[in-house]
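Overview (structure and organization)
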Amino acid sequence: MKRAVRNIAENAMRYGGQARIMLQCRDGRALIIIEDNGPGIPIYERKRIFEPFVRLEASRSRDTGGSGLGLAISKTVIESNGGSLTAEDGCNGGARFVVELPLS
């Protein structure tokens, strides 16, 4: 679980310049919200980014690196623990990832 959240936070820092991580409790579930100030993720790409080897950033430069597995691994780990992972618009125009997990 630690690695799953770290993957999301590292992406926020890499593509959005920073990561804001918020914790909330809602309806018997724990929420981990990770937000950045980057360009955001187009609605039509939001499901695809969780597929293995998918990268929205096409340059594959040394600065961005990656194989496109981080979010796929995160989603698999979170769902295997009874949770969910979604992407949406952030408050400042960037991306927001919401991890929902059962409290018990």
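Heads up: the structure comes first, above all this text.
Here the structure is a predicted model, which means the values were calculated and not measured.

Basis of the calculations
Positions within a chain are numbered from 1, following the residues in the order the chain's sequence is written. Where local features are concerned, this predicted model is filtered to residues with pLDDT of at least 70; where side-chain atom pairs are given and counted, the filter is 80 or more; whole-chain, interface and lining totals use all residues. By convention in this description, side-chain values take in all heavy atoms of the structure and omit both hydrogens and water. Labels follow the DSSP assignment, with helices taken as runs of H or I lasting at least four residues and strands as runs of E lasting at least two, numbered in each case from the N terminus. The buried label applies to any residue whose accessible area, calculated with a 1.4 Å probe on protein chains only, is under 20% of its type's maximum; exposed applies above 50%, and partly exposed to all values in between. For this analysis, residues touch if any pair of their heavy atoms sits within 4.5 Å. Here a polar contact is recorded for every N or O atom pair within 3.5 Å, except that within protein the pair must consist of a potential hydrogen donor and a potential acceptor, and residues adjacent in sequence are included only if both atoms are side-chain atoms.

Observations regarding the environment of E35
Following the sequence through the fold, E35 ends up in strand β2 (residues 29–35). Looking at E35, the relative accessible area reads 3%, which means it is buried. Distance in space between the C-alpha atoms of E35 and R20 is 5.1 Å, their sequence separation being 15 residues. Excluding residues within four positions of it along the chain, E35 makes contact with Q18, A19, R20, M22, G90, C91, A95 and R96. A polar atom in the side chain of E35 sits 3.4 Å from the backbone nitrogen of C91.

So, the environment of I73
Checked against the element boundaries, I73 lands in helix α2 (residues 70–80). As a C-alpha pair, I73 and P52 span 21 residues in sequence and 7.9 Å in three-dimensional space.

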